[in-house]
Amino acid sequence: NRTFLSWAYDVTRRSLKRGERDAFDDGLGLFRGCSSFMESNSGYPAKYHHRGDLVGMTKALSTNALYYSGYSIAAAMARELGKEEEVIQQYEARAIRLGDSIRSHLWLGEKGYYSYVMDENNTLLSNFEGLGEALVLMDGIETDTGRIQSIFDNVKQQRYGLPCLWPPFDLKASEHIAQYYHNGRLWPFVQGYYAMAAARHGRIDVFSHALQALKDLAVKSKTFAEFYEINGTFPAQRSRQLWSETGYLAMIHQGLFGLTFEVDRLCFAPLKPKALFPSTVILENLVYQNMVLDIRIKGQGGYIKRFELDGKKQKFSAETPFISSKLTGRHTVKIVMGDDSKA
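Described below are features of the structure shown in this document. (Residues numbered from 1 in each chain as written. Predicted model: local features only at pLDDT ≥ 70, side-chain atom pairs only at ≥ 80, totals over all residues. Heavy atoms only, no water.)

With respect to the overall build of the protein
In step 1: In terms of regular secondary structure, the protein is built from nine helices and 16 strands.
In step 2: Taken over C-alpha atoms, the radius of gyration comes to 21 Å for the protein, in line with the 20 Å a tight globule of 343 residues would show.
In step 3: Dimensions along the principal axes, computed over C-alpha positions, put the protein at roughly 60 × 55 × 40 Å.
In step 4: Surface summary for the protein: the accessible area is close to 16500 Å², and the carbon and sulfur share equals 50%.
In step 5: Seen as two clouds, the 42 positive and the 38 negative side-chain charges of the protein have centres 5 Å apart. (Helix = DSSP H or I, 4+ residues; strand = E, 2+ residues; numbered from the N terminus. Rg over C-alpha atoms; globule rule 2.2 N^0.38 Å. Areas by Shrake-Rupley, 256 points an atom, 1.4 Å probe, with all protein chains shown as cover. Lys, Arg positive; Asp, Glu negative; His and termini not counted. Charge placed at Lys NZ, Arg CZ, Asp CG, Glu CD.)

Set out below in structure tokens:
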């Protein structure tokens, strides 16, 4: 839908321009402002509560990761719309510079992960932020293999999944949900992003735990709640949350079945834990563009041995088979994974 794409590009372009004008710190090369979804009154130390002026002086990992993604997407949109090469290169260059600043200023070497927030005095908090770590891993900001594995090894999941931030801040107890719900709670959509990041980097152990944990929460409570306590409980009025359900679906679509949606193709990079899925898994009636897909995955692990489209073996390289997004009608995809030792 090029009409929508053109509109979305204009909104993205204007949003980035406003962010550069109002929130960019030229000295550090980072954007100021609150974390992408965690609020000052529940996801920050007490001195920030209802202090928009103060929290606006901080630099949050997830917010900067989203600006990075914004630049990258703006470049891709501009290319698809046939904009001048100079415009495309400007967005790509800004993404590169921002990525460099994130890696240089927000990494906590002694902790082995990225800091949740750089405060108003340019001091890094020692907490991690689940969503921010996931975005850094998913969007290509962090490419160093050692750092990537360090994040997965040090950003610890609890029994029921990954907290939105950890360790929690020492805040005064309150009965009002908005005063505590971001302080070390479990948010399923965050867990969905972290599971997708784990799948993309082949960390089947991390992915398996996240998927099992969120499934257990849903079964335990018979719903996908907005957020959970560490023990798996939640306020009754926060049940039946669509974004929590889509976090789980993302684990299935983009993790287990390894779907990546690109401009002209649909890529497959499944990650199938043997302990959770000892048998063939099937995803039927998946509507994508002008096609309907039935997908079968046999075997376990993250190594693809065979890829078939409508019964015909397909050649592929770098373990990333794909099909054209221009296909129409119904099609069957069959994937055979590597041996059990890779699971």
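Focus on the sheet that holds strand β9 (residues 259-261)
In step 1: Ordered by their spatial adjacency, three strands build an open sheet running β9-β10-β15, and the pairing between neighbours is antiparallel. In this open sheet, the two edge strands, each paired with only one partner strand, are β9 and β15 (322-324). Ignoring which end each strand starts from, the neighbouring axes of this sheet average 20° apart. (Pairing = 2+ DSSP bridges. Axes fitted to C-alpha atoms, helices over the stretch in contact; angles between N-to-C directions.)

Quick word on the sheet that holds strand β12 (residues 291-298)
In step 1: Strand order in this open sheet of five strands is β11-β12-β16-β13-β14, and the pairing throughout is mixed. Bordering the open sheet on either side are β11 (281-288) and β14 (312-313), each of which pairs with just one other strand.
In step 2: Sheet topology note: the β11/β12 ladder contains six bridges and is antiparallel. Looking at β12, one finds that V281 is bridged to I297.

Description of the packing of helix α1 (residues 2-23) against helix α3 (residues 61-80)
In step 1: Contact pair α1 / α3: the axes reach a minimum separation of 10 Å and the direction vectors enclose 140°. One way to sum up the angle between α1 and α3 is to call them oblique. Between α1 and α3 the crossing geometry is left-handed. Residues R2, L5, A8, Y9, T12, L16, G19, E20 and A23 of α1 form the contact with α3, whose participating residues are Y67, G70, Y71, A74, M77, A78 and E80.
In step 2: Counted by class, the contact of α1 with α3 contains ten nonpolar, three polar and three charged residues. (Parallel < 35°, antiparallel > 145°, perpendicular 65-115°, else oblique. Left-handed = near helix turned anticlockwise from the far one by under 90°. Contact = heavy atoms within 4.5 Å. Nonpolar A, V, L, I, M, F, W, Y, C, P; charged D, E, K, R; others polar.)

Points about the pairing of strand β16 (residues 329-337)
In step 1: Strand direction decides the pairing type here: β12 and β16, joined by eight bridges, are parallel. Each bridged residue has a counterpart across the sheet, and for I295 the counterpart in β16 is V333.
In step 2: Looking at chain direction, strand β13 (residues 304-309) and β16 are connected through five bridges and run antiparallel. Following the sheet pairing, F307 is matched in β16 by I335.

Things to note about the environment of K59
In step 1: Tracing the sequence through the fold places K59 in strand β3 (residues 59-60).
In step 2: Put simply, K59 and Y193 are 134 residues apart on the chain and 21 Å apart in space, counted from C-alpha to C-alpha.
In step 3: Not counting residues within four places of it along the chain, the set of residues in contact with K59 comprises D25, L28, L30, F31, R32, N64, Y116, V117, M118, D119 and N122.
In step 4: Reaching out from K59, the side chain makes a polar contact with the backbone oxygen of M57 at a distance of 3.4 Å. (Polar contact = N/O pair within 3.5 Å; in protein donor to acceptor, adjacent residues only side chain to side chain.)

Observations regarding the side chain of S244
In step 1: Counting through the fold element by element, S244 comes out in helix α9 (residues 242-256).
In step 2: Ignoring sequence-local partners within four residues, the contact set of S244 consists of P188, F224, A225 and E226.

Section: a nonpolar patch on the surface
In step 1: The grouping of F4, W7 and V11 at the surface amounts to a nonpolar patch, some 340 Å² of accessible area in total.
In step 2: By the element assignment, W7 lies in helix α1. (Patch = residues over 30% accessible without salt bridge, like charges linked within 9 Å, V, L, I, M, F, W, Y side chains within 5 Å. Salt bridge = Lys/Arg side-chain N within 4 Å of Asp/Glu carboxyl O.)

Brief notes about the packing of aromatic side chains
In step 1: Inspection of the entire model under this criterion finds 23 aromatic pairs.
In step 2: A ring pair is formed by F268 and F307, whose centres lie 5.4 Å apart and whose planes are at 50°; its orientation type is tilted. In this pair, F268 is assigned in strand β10 (residues 265-268) and F307 in strand β13, connecting sequence segments 39 residues apart.
In step 3: The structure contains a cluster of three or more aromatic residues connected by ring pairs, namely F37, Y180, Y181, W187, F189, Y193, F227 and W243. (Phe/Tyr/Trp six-rings, centres within 6.5 Å; stacked < 30°, edge-to-face > 60°.)

Concerning unusual backbone geometry
In step 1: Note that the residue after W166, namely P167, is joined by a cis bond; omega there is -5°.
In step 2: Of note, P167 is situated in the loop between β8 (165-166) and α7 (188-200).
In step 3: Of note in this structure, H50 is not a glycine but carries a positive phi near 55°.
In step 4: On the secondary structure map, H50 appears in the loop between β2 (30-31) and α2 (52-55).
In step 5: Overall, the relative accessible area of 60% leaves H50 in the exposed class.
In step 6: One non-glycine residue, K222, lies in the positive phi region at around 60°. (Buried < 20%, exposed > 50% of the residue type's maximum accessible area, 1.4 Å probe, protein only.)

Overview of the nonpolar core
In step 1: Within the largest apolar cluster, 105 residues are counted, with the highest numbers of intra-cluster contacts made by F207, F257, F268 and I295.
In step 2: Excluding residues that lie within four positions of it along the chain, F207 makes contacts with A195, A198, A199, M251, G255, L256, L271 and P273. (Core = buried A, V, L, I, M, F, W, Y, C linked by side-chain atoms within 4.5 Å.)

Some thoughts on the pairing of β13
In step 1: Sheet analysis places β13 next to β14, joined by two bridges and oriented antiparallel. Of the residues in β14, the one forming a bridge with E308 is K313.
In step 2: Between β13 and the antiparallel strand that follows it, β14, lie two residues; D310 among them carries a positive phi value of about 55°.

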